[in-house]
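Chain residues, written in single-letter form:
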Amino acid sequence: FIPMLIFGGFDAWQELATQSYTNLTSVQARAIRWEPKVYLTHSNVKRLTALSRWILCRIIYGDENDREENVDGLDQDMVNALVQSEICENTDSVTLKPPKVDQVKDYDKSRERLLHYLMHTFNPEGIPMYYVIRDNAQRPATFQNLTHELIWKLPLNMNIATFRRDNNTLFQLIRDLIAGNNVVTSWFKSDKSVPTEDGRQGFESITKLWLGTDA
């Protein structure tokens, strides 16, 4: 890992950090046809997936002063532990049915159903879409695992391509879910969320309705 950081630089870590289990499985299928051939075992894919999340937390979005120490401490045992704590092979195949929020009169339940759905709907890197609408005031003191930590660490910054993509995806998802309710749709379109397809802004707008406040 140290040679990769030295010779590949920060960009090499950043590239690996973007890889998900699905991406790496696709590479695994193609790699055997490369010349020279590259063999990625199932174990390799799981280890690289776990590493990608560790890199996001500890290198890309970690404290700059701790990066060298974090890299120095990355060894075989730690990678094995990361696989056990971070990788569930069924995660990418789990698909929840979208919640019914368009005709529900109980807005508290509508909001909770949507939050639960977003916590179990993943972006291409395997991070729950919930991160896009998180309330930073509710950030927990401790995290269950790296994926949970990334929900609260990933920047909500429109200058970052992955956030723009996920924010737009969220906009389309919520728009479709509430299409049958004119009242909720009107709130969703307020605060100029539609022209920019800003999912986070749209969610904040309908939250005002659901919580009964304009604050």
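Presented here is a report on the structure given in the accompanying data block. (Residues numbered from 1 in each chain as written. Predicted model: local features only at pLDDT ≥ 70, side-chain atom pairs only at ≥ 80, totals over all residues. Heavy atoms only, no water.)

**A word on the overall build of the protein chain**
Here's step 1: Along the protein chain, the regular secondary structure elements total 10 helices and 0 strands.
Here's step 2: For the protein chain, the succession of helices and strands along the chain, N to C, is α-α-α-α-α-α-α-α-α-α.
Here's step 3: A separation of at least 24 residues holds for 58% of the contacts in the protein chain among residues at least 6 apart in sequence.
Here's step 4: Total accessible area on the protein chain stands at roughly 12,300 Å², and carbon and sulfur atoms take up 51% of it. (Helix = DSSP H or I, 4+ residues; strand = E, 2+ residues; numbered from the N terminus. Contact = heavy atoms within 4.5 Å. Areas by Shrake-Rupley, 256 points an atom, 1.4 Å probe, with all protein chains shown as cover.)

**A short note on the packing of aromatic side chains**
One pair of aromatic rings is described through two measures. These are the centre distance and the angle between the planes.
Here's step 1: On inspection of all chains with the given rule, the structure shows 2 aromatic pairs.
Here's step 2: Seen from their ring centres, Y130 and W152 are 6.3 Å apart, and the 65° between their planes marks the pair as edge-to-face. Pair noted here: Y130 is in the loop between α6 (107–119) and α7 (146–153) and W152 is in helix α7, with a separation of 22 residues, a long-range link.
Here's step 3: On the basis of relative accessibility, which here comes to 7%, the residue W152 falls in the buried class. (Phe/Tyr/Trp six-rings, centres within 6.5 Å; stacked < 30°, edge-to-face > 60°. Buried < 20%, exposed > 50% of the residue type's maximum accessible area, 1.4 Å probe, protein only.)

**A few points about the pattern of salt bridges**
Charged atoms that come close allow side chains of opposite charge to pair.
Here's step 1: Following the criterion strictly, the structure yields 7 salt bridges and no others.
Here's step 2: With a closest N to O distance of 2.9 Å, E149 and R58 form a salt bridge. Separated by 91 residues along the polypeptide, E149 in helix α7 and R58 in helix α3 (residues 42–60) bring together distant segments of the chain.
Here's step 3: Given a relative accessible area of 9%, E149 falls into the buried group.
Here's step 4: One salt bridge in this structure joins E149 and K153, with 3.1 Å as the shortest N-O distance. With a gap of 4 residues between them, E149 and K153 both fall in helix α7, about one helical turn apart. (Salt bridge = Lys/Arg side-chain N within 4 Å of Asp/Glu carboxyl O.)

**Side note on the environment of Q28**
Here's step 1: Counting through the fold element by element, Q28 comes out in helix α2 (residues 21–31).
Here's step 2: Once the C-alpha coordinates of Q28 and V45 are considered, the two residues, 17 residues apart in sequence, prove to be 7.6 Å apart.
Here's step 3: Beyond its immediate chain neighbours, meaning those up to four positions away, Q28 contacts L40, T41, H42 and V45.

**Quick notes on helix α5 (residues 76–86)**
Owing to its 3.6 residues per turn, the α-helix aligns residues three or four sequence positions apart on the same side.
Here's step 1: Residues V79, L82, V83 and E86 constitute the buried set of α5. Around the axis of α5, the buried residues are gathered within 100° of arc, so they sit on the same side. Seen from the buried face of α5, the exposed residues on the opposite side, beyond 90 degrees, are D77 and Q84.
Here's step 2: In this fold, the buried residues of α5 make contact with α3 and α7. (Arc of directions from axis to C-beta.)

**Focus: the nonpolar core**
Here's step 1: Ranked by size, the top nonpolar core spans 42 residues in total, and within it L118 and I174 carry the most contacts.
Here's step 2: Broken down by secondary-structure element, the contributors of at least two residues to this core are α1 (2–17), α3, α5, α6, α7, α8 (161–177), α9 (182–189) and α10 (199–211).
Here's step 3: Of the residues forming this core, the biggest block, 8 residues, is contributed by α3.
Here's step 4: The residues touching L118, leaving out its near neighbours within four places in the chain, are P128, M129, Y130, I133, L170 and L173. (Core = buried A, V, L, I, M, F, W, Y, C linked by side-chain atoms within 4.5 Å.)

**Here's the deal with the environment of L115**
Here's step 1: Here L115 shows up in helix α6.
Here's step 2: Residue classification places L115 among the buried residues on the basis of a relative accessible area of 13%.
Here's step 3: Separated by 14 residues in sequence, L115 and M129 have C-alpha atoms that sit 9.4 Å apart.
Here's step 4: Residues within four places of L115 in sequence aside, it is in contact with Y130, I133 and F203.

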